[in-house]
Amino acid sequence: MDEPSRPRALVVLHAHPDDEALLTAGTMARAAAQGHRVVLVVATDGALGLTDESTYGAKGAALAATRSRELATSARTLGVARTVELGFADSGSGPEVYPDPPGGRRFVRVPVEEAAERISAILLEERADVLTTYDPNGGYGHRDHVRVHEVGARAAELARERGLPVRVLWATVPRDLLCRALDLVARVYTFPAEFDRAAFDRAFSARSDITHRISVRRHARAKRAAMRAHASQGAGEGDRTLGILARIPRPLYDLVLGREWFVDPDAPPGTARTDVFEGLS
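Residues numbered from 1 in each chain as written. Predicted model: local features only at pLDDT ≥ 70, side-chain atom pairs only at ≥ 80, totals over all residues. Heavy atoms only, no water.

Residue-level account of helix H5 (residues 112-126), with values.
Every α-helical turn comprises 3.6 residues, leaving residues that sit three or four positions apart pointing alike. Under the 1.5 Å per step criterion, the end-to-end length of H5 is 21 Å for 15 residues, consistent within 8% with the ideal 21 Å. Listed as buried for H5 are Ala-115, Ala-116, Ile-119, Ser-120, Ile-122, Leu-123 and Glu-126. Buried positions in H5, seen along its axis, are confined to an arc of 155° and lie on one side of it. Among the structural elements, strand S1 (9-14), strand S2 (37-44), strand S3 (82-88), strand S4 (130-133) and helix H7 (143-161) are those in contact with the buried residues of H5. (Helix = DSSP H or I, 4+ residues; strand = E, 2+ residues; numbered from the N terminus. Expected span 1.5 Å × (residues − 1). Buried < 20%, exposed > 50% of the residue type's maximum accessible area, 1.4 Å probe, protein only. Arc of directions from axis to C-beta. Contact = heavy atoms within 4.5 Å.)

Summarise the side chain of Asp-135; cite the residues concerned and give the values.
Its place among the elements puts Asp-135 in the loop between S4 and helix H6 (138-141). At 2.9 Å, the side chain of Asp-135 and the backbone nitrogen of Asn-137 are in polar contact. Looking at Asp-135, its side chain comes within polar contact range of the main-chain nitrogen of Gly-139, at 3.0 Å. Discounting chain neighbours no more than four positions away, the residues touching Asp-135 are His-149, Trp-170, Thr-172, Phe-204 and Ser-205. (Polar contact = N/O pair within 3.5 Å; in protein donor to acceptor, adjacent residues only side chain to side chain.)

Any details on the pattern of salt bridges? Residues and values, ideally.
Applying the stated criterion across every chain, the model contains 17 salt bridges. A salt bridge links Arg-105 to Glu-114; the nearest nitrogen and oxygen atoms lie 2.5 Å apart. For Glu-114, a relative accessible area of 32% translates into the label partly exposed. Close ionic contact of Asp-266 with Arg-160 constitutes a salt bridge, the shortest N to O distance being 3.4 Å. You can see Asp-266 sitting in the segment after strand S7 (259-263) and its partner Arg-160 sitting in helix H7, a full 106 residues away along the chain. For Asp-266, a relative accessible area of 55% corresponds to the exposed category. One salt-bridge network, held together by shared partners, links Arg-37, Arg-82, Glu-125 and Glu-126. (Salt bridge = Lys/Arg side-chain N within 4 Å of Asp/Glu carboxyl O.)

Describe the packing of H5 against H7, naming the residues involved and giving the relevant values.
Contact pair H5 / H7: the axes reach a minimum separation of 8 Å and the direction vectors enclose 55°. The orientation of H5 with respect to H7, classified from their angle, is oblique. Our pair here, H5 against H7, has a crossing hand that is right-handed. In contact with Val-112, Glu-113, Ala-115, Ala-116, Glu-117, Ile-119, Ser-120, Leu-123 and Leu-124 of H5, H7 contributes Arg-147, Glu-150, Val-151, Arg-154, Ala-155, Ala-156, Leu-158 and Ala-159. Residues belonging to the contact of H5 with H7 are distributed by class as follows: 11 nonpolar, 1 polar and 5 charged. (Axes fitted to C-alpha atoms, helices over the stretch in contact; angles between N-to-C directions. Parallel < 35°, antiparallel > 145°, perpendicular 65-115°, else oblique. Left-handed = near helix turned anticlockwise from the far one by under 90°. Nonpolar A, V, L, I, M, F, W, Y, C, P; charged D, E, K, R; others polar.)

Mind laying out the packing of helix H4 (residues 61-78) against helix H9 (residues 220-229), listing which residues take part and the relevant values?
Where H4 contacts H9, the axes come no closer than 8 Å and their chain directions differ by 175°. With respect to their mutual orientation, H4 and H9 come out roughly antiparallel. The segment H4 lies against H9, with Glu-70, Thr-73, Ser-74, Thr-77 and Leu-78 engaging Ala-222, Lys-223, Ala-225, Ala-226 and Ala-229. Among the residues forming the contact of H4 with H9, the class breakdown is 5 nonpolar, 3 polar and 2 charged.

Which residues make up the sheet that holds S2, and what are the values?
Reading across the sheet, the 7 strands line up as S3-S2-S1-S4-S5-S7-S6 and stay open at both edges, with mixed pairing between neighbours. In this open sheet, the two edge strands, each paired with only one partner strand, are S3 and strand S6 (212-215). When strand polarity is set aside, the average angle formed by the axes of neighbouring strands in this sheet is 25°. Pairing between S1 and S4: 3 bridges, direction parallel. Across the sheet, residue Val-12 finds its bridge partner in S4, namely Thr-132. (Pairing = 2+ DSSP bridges.)

Given below as structure tokens:
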């Protein structure tokens, strides 16, 4: 187990159940193992996720309930102390946003200020030291991820105005590393026709912008278990990213997914840190 330091509070904000497993699971498990308090906040119910409907139920309430249970399993695996599901409706990734479901609102239709107030209240309650969100493009452009960036940024502003100097980190991936990996995979695998390789040239973050490189190899087992907890999102037509990654054999898994990356938008150029709490007063 990692050596403990003074306990801190890490609040991790994600758009959908399973996003935490892909981008921040290792960092969450590492922080929990070090004795810090980890709080996971998920904005939407994930009811529009792609899945095998014959096994996990049709999109809507049935799938949302399944994904909530999967999220709870993932959180336990990672050592999360508290999970908050804000319960906004999944906005989907299609060309148009569906009408709001009965009694609910699509996340992108919720005013930024309203959602930010809820998250700011959590930050203040937890006395959060660090809040993770996404970059302005939401990583790869999903509308709910972009809204997480907007809401998270405003929530941090509100918390700071109320006396809490929370650090904001954008969970990301080095775009050049990701593109190299895709090009290597393309030599042995034919991507679906709708796959837009060029879109990744603009996705996530440039290597030069990354300020935090977190080694999570010692927590790869927990990260992989968190991915596998979201079984509904590893199933469906075609190959799903989560399913493919969760099936990578160890120790290759540890090598490929043994590091996680963040950008501190307030850090000076050239900042290179190896822990999300490093440098906090």
